[in-house]
Amino acid sequence: MKRFLMVLGVIAIASTGCDEIVFTSGLDGEHPSDPDSPPPVDDDPPVPSALAMRAGDLPPEFEFQMWEDPDSLILFFNSDVQECPPTVIEATCENAPLWQLILTIPPDLAVTGLIELSDQRILFSESLSEATPSCAFGSGRGTGTRGTLEIVTSDETSLFVKLRGAGMKDQASGDYTVQRCGAAVETAPGG
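Residues numbered from 1 in each chain as written. Predicted model: local features only at pLDDT ≥ 70, side-chain atom pairs only at ≥ 80, totals over all residues. Heavy atoms only, no water.

Enquirer: Help me understand the state of the cysteines in this model?
Expert: Working definition of a disulfide: a covalent bond connecting the sulfur atoms of two cysteines. For the structure on display, the rule yields one disulfide. Paired by a disulfide, Cys84 and Cys181 hold their sulfur atoms 1.8 Å apart. Judged by the torsion about the S-S bond (-70 degrees), the Cys84/Cys181 disulfide is left-handed. With a gap of 97 residues between them, Cys84 in the loop between strand S2 (73–78) and strand S3 (98–105) and Cys181 in strand S9 (residues 174–181) connect regions that are remote in the sequence. For Cys84, a relative accessible area of 30% gives the class partly exposed. Exposure remark for Cys181: the relative accessible area of 6% places this residue in the buried category. (Disulfide = S-S within 2.5 Å. Helix = DSSP H or I, 4+ residues; strand = E, 2+ residues; numbered from the N terminus. Buried < 20%, exposed > 50% of the residue type's maximum accessible area, 1.4 Å probe, protein only.)

What follows is the structure, encoded as structure tokens:
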């Protein structure tokens, strides 16, 4: 075996000159570029993200319109990175794994402090698709849901919130720095 590696090394040096040569071994004897090799495992899944928008600032073509007051705060929690303006995602087998939770908070509740999401004034929409052999997905919308939302800090450009016990399988629970989208942010200096 040593002789084979030495011969391989001499051939590599002869064909590449003095450039550095790196040998990597694949799993189970497979080389990473082998077309029959399984795809690499993603050790870094997407980091959930959140956006906020005033209901009245949603674009006219926005299909999700569950609010009565244009000053309501709409929070979009996603399993993946989002950009302004946010979009509503429909869960399907083709886009699994994925989840989204949208909360509409009336202005009188959208203040610093703890909010019980079971309050019937809070509107929600959620979707979830799981990458299982049989493909599992679902969605729902209505008034009042489970969990709590704590608005820790809030200013013109962002909020810091703690979401607990929320989402179909608690998948949305976590701490989020929430970027605000809308007219006030888009007309900021330099924008």
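Enquirer: So what exactly am I meant to see when it comes to the pattern of salt bridges here?
Expert: Summed over all chains, the structure comprises six salt bridges. Between Arg121 and Asp108 there is a salt bridge; the shortest N-O distance is 2.7 Å. Here Arg121 is found in the loop between strand S4 (113–116) and strand S5 (123–130), whereas its partner Asp108 is found in the loop between S3 and S4, with 13 residues between them in sequence. Residue Asp175 is joined to Arg164 by a salt bridge in which the shortest nitrogen-to-oxygen separation is 2.7 Å. Here Asp175 is found in strand S9, whereas its partner Arg164 is found in strand S8 (residues 158–164), with eleven residues between them in sequence. Classification of Asp175 as partly exposed rests on a relative accessible area of 44%. A residue is classified by how much of its surface remains accessible, and Arg164, at 36% relative accessible area, is partly exposed. Among the charged side chains, a network of salt bridges with common partners joins Arg54, Asp57 and Asp71. (Salt bridge = Lys/Arg side-chain N within 4 Å of Asp/Glu carboxyl O.)

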